[in-house]
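Here are the chains, one letter per residue:
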Amino acid sequence: MAVTLIIGSQWGDEGKGKIIDYLSLSADIVVRFHGGNNAGHTVINDLGKFAMHLVPSGIFNPKAKATIGNGVIIDLDVLVAEVKTLEKAGIKLKGRLFISPRCNLIMPYHKIFDRIYEEAKGDKKTGTTARGIGPTYGDKVSYSGIRLFDLLDKKLFQEKLKTQLLIKNKILKSFNEKPLNQKEIEKTFFVAFKKIKPFVKEPFGIIHESLEKKKHVLIEGAHGMFLDNDWGTYPYVTATNIVSGNITAGAGISPKYLTKIIGVSKAYTTRVGFGPFPTELFDKDGETLTKRGNEFGTTTGRKRRCGWFDAEMIRFAAKINGFTDIAITKLDVLDTFDTIKICTQYSLNGKTVRYEDLSSEMLKKVKPVYKTLKGWRTPTNGVKTFSKLPTKAKAYLRQLEKQIGVKVSFVSTGAERESIIVI
Ligand code: GDP
Ligand code: IMO
Ligand code: MG
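Residues numbered from 1 in each chain as written. Chains lettered and ligands numbered in written order. Predicted model: local features only at pLDDT ≥ 70, side-chain atom pairs only at ≥ 80, totals over all residues. Heavy atoms only, no water.

A separate point is the site of ligand 1. Taken together, 18 residues form the shell around ligand 1, and within it Lys16, Thr42, Thr298, Asp332 and Ser412 come nearest. Contacts to ligand 1 include Asp13, whose side-chain N or O atom sits 2.9 Å from an oxygen atom. Take Ser412: an N or O atom from its side chain is 2.5 Å from an oxygen atom of ligand 1. When ligand 1 is considered free in solution it has 580 Å² of accessible area, and contact with the protein chains removes 91% of it. (Near = heavy atom within 4 Å. Polar contact = N/O pair within 3.5 Å; in protein donor to acceptor, adjacent residues only side chain to side chain. Areas by Shrake-Rupley, 256 points an atom, 1.4 Å probe, with all protein chains shown as cover.)

This is how it looks when you write it as structure tokens:
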């Protein structure tokens, strides 16, 4: 039996979609357990290029089922559009896609609040994706969320919405925002829900049947470890827990089933939004990473900040998540460098410090300690076997492995499904 969990081990956009699409070829069921359409997972395969925000990236294997767990929050319009795109590409979803009715809904006021909070914070803002993520989870944990369950019962939905608008419209008015209209929201939500309703069924039973039958269950983490609400660079984080243990809360799967926990990491580091980034580059090397890596956000199109690989971070991610394997992506982006640096640890006021002891404010002040390696200056794009990699690229990967203390089992050498080395 294989139960494989994929976790982003940096600040998101590590190439999880690419790895999941590849692994889903052998999967029986693919599960998402947290986040919302702040996630954007790029998949490039024989069916085309897709930016997946809610539907699991493993949907392209026609033999696999795909589930959206209760921990995911849903923007109905985005889900409807995604379903439409997939069906247009010839992907059959009926009987394959299952969405938990426990999923909370992103409401129109959540998106406005997201903007208001950010504006109020000024230059201390998080740099959210503006999708209403934080306010939706905020309402969820304070028992004010509206769920797909509620849309199954029109009256209940209307009642809950009325209560929420009573509160929300008062807040909106105090910020000189236009109050929201109950009837308009009802209308758009009921229309959109009609298109989603055939897929709304709690996936718990289907997942546990697969676990009992020892099928290959692939669990698709979103975002990245350092955006975790508790262990990330708070408050420059997202609203959910990213860590492996959250699969129980978000999809009803006990960690005891996991056989593989794969941490996905770029061969360097990127981040969108604000917050500390010890190895960030502001020079020509940073520009090269942006350009060669085409580092612009899949969800918002924002330019990603770029820097060297940070082993202090990934070591922490490996420990807390229990990584059994590492997948290194975008190795090909480093092909033109004369020298490549790896941050091996942090120094603060001349002393070695550990990630877990630092607040975001402290992390902004640390100095990365670097190990410099020679670049390979040879194209690796599309290489499929480890032995065919340049010697210096192999040495770089071995050094990463040594620094992290976990084996590198996958190396991605291009955006397409087949550009992958399995070690
Ligand atoms: P995710 O959110 O972790 O799924 O990552 P994104 O899809 O947001 O961002 C990763 C980007 O890198 C996408 O544009 C991918 O197509 C691309 N990509 C993934 N793996 C590779 C790789 O090995 N090499 C290159 N050059 N691009 C890659
Ligand atoms: P994938 O799954 C990159 C970041 C945002 C922002 C912070 C809070 O594609 O790797 P939010 O909208 O969640 O309230 O924003 O979290 N963020 C991501 N950055 N990739 C993601 O997902 C992200 N999900 C959230 O940029 O800094
Ligand atoms: Mg992404």
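A few words on the site of ligand 2. Close to ligand 2 lie 21 residues; Lys16, His41, Thr129, His223 and Thr238 are nearest. One of the side-chain N or O atoms of Asn38 is found 2.8 Å from an oxygen atom in ligand 2. Compared with its free state, where it exposes 540 Å², ligand 2 has 97% of that area covered by protein. Within the shell around ligand 2, the residues separate by chemical class into 7 nonpolar, 11 polar and 3 charged. (Nonpolar A, V, L, I, M, F, W, Y, C, P; charged D, E, K, R; others polar.)

Because side chains alternate across strand E9 (residues 217-220), one face comprises the buried residues Val217 and Ile219, and the other comprises Leu218 and Glu220, equally buried. Relative to E9, strand E1 (residues 3-8) runs parallel, the two sharing 4 bridges. Across the sheet, Val3 pairs through a bridge with Val217, a residue of E9. With 4 bridges connecting them, strand E2 (residues 29-32) and E9 associate as parallel partners. When the sheet's bridge partners are listed, Val30 is paired in E9 with Leu218. (Buried < 20%, exposed > 50% of the residue type's maximum accessible area, 1.4 Å probe, protein only. Helix = DSSP H or I, 4+ residues; strand = E, 2+ residues; numbered from the N terminus. Pairing = 2+ DSSP bridges.)

A few words on unusual backbone geometry. The amide bond that connects Tyr234 to the next residue, Pro235, takes the cis arrangement and shows omega of 5 degrees. Here Pro235 shows up in the loop between E9 and helix H9 (246-251). One non-glycine residue with positive phi stands out, namely Asn294, at about 45 degrees. In this fold, Asn294 is placed in the loop between helix H10 (284-292) and strand E12 (305-307). Residue class for Asn294 comes out exposed when judged on its relative accessible area of 53%. Of note in this structure, Arg377 is not a glycine but carries a positive phi near 45 degrees.

As for its position among the elements, Ile423 is in the segment after strand E19 (420-422). Ile423 sits in the partly exposed class, given a relative accessible area of 42%. Ile423 sits 15 residues away from Val408 along the chain, and the two C-alpha atoms are 7.3 Å apart. Leave out the neighbours within four places in its chain, and Ile423 touches Phe386, Val408, Ser409 and Val411. (Contact = heavy atoms within 4.5 Å.)

Note that side chains of opposite charge can pair when their charged atoms are close. In the structure shown here, the tally under the stated rule is 23 salt bridges. Note that Lys124 is salt-bridged to Asp123, the shortest N-O span being 3.9 Å. Taken individually, Lys124 and Asp123 each receive the classification exposed, so the pair is uniform in this respect. One salt bridge connects Asp325 with Lys260, and the closest N-O pair in it is separated by 3.4 Å. (Salt bridge = Lys/Arg side-chain N within 4 Å of Asp/Glu carboxyl O.)

Turning our attention to the coordination of the magnesium ion (ligand 3). The reference angle at a metal is 109.5 degrees if four donors form a tetrahedron and 90 or 180 degrees if six donors form an octahedron. Looking at the magnesium ion (ligand 3), one finds its protein donor set to be Asp13 (OD) and Gly40 (O), positioned 2.0 to 2.1 Å from the metal centre. Taken together, the residues span a long stretch of sequence, with Asp13 in the loop between E1 and helix H1 (16-23) and Gly40 in the loop between E2 and strand E3 (41-45) at a distance of 27 residues. (Donors = N, O, S within 2.8 Å, 3.2 Å for Na, K, Ca; no water.)

This part covers the domain arrangement of the chain. Much of the literature gives interface size as the accessible area that the parts lose upon coming together. Examined at the domain level, the chain breaks down into domain 1 (3-100 + 200-261), domain 2 (108-197) and domain 3 (265-422). Just the C-alpha atoms count here: the centres of domain 1 and domain 3 sit 23 Å apart. Counting from both sides, the interface comprises 40 residues of domain 1 and, opposite them, 41 residues of domain 3. Counting across the interface, domain 1 meets domain 3 through 4 salt bridges. Across the pair Asp46 and Arg417 runs a salt bridge whose closest N-O atoms are separated by 4.0 Å. (Domains from an automatic or database assignment.)

What follows covers the sheet that holds strand E5 (residues 65-68). As summarised here, the arrangement of the 9 strands in space is E7-E5-E2-E9-E1-E10-E14-E18-E19, forming an open sheet in which the pairing is mixed. Because the sheet does not close on itself, it has two edges, and the strands there are strand E7 (97-99) and E19. Strand-to-strand twist of the sheet, defined as the mean angle between neighbouring strand axes without regard to direction, takes the value 20 degrees. In terms of strand pairing, strand E14 (residues 325-329) meets strand E18 (residues 408-412) through 3 bridges, oriented parallel. (Axes fitted to C-alpha atoms, helices over the stretch in contact; angles between N-to-C directions.)

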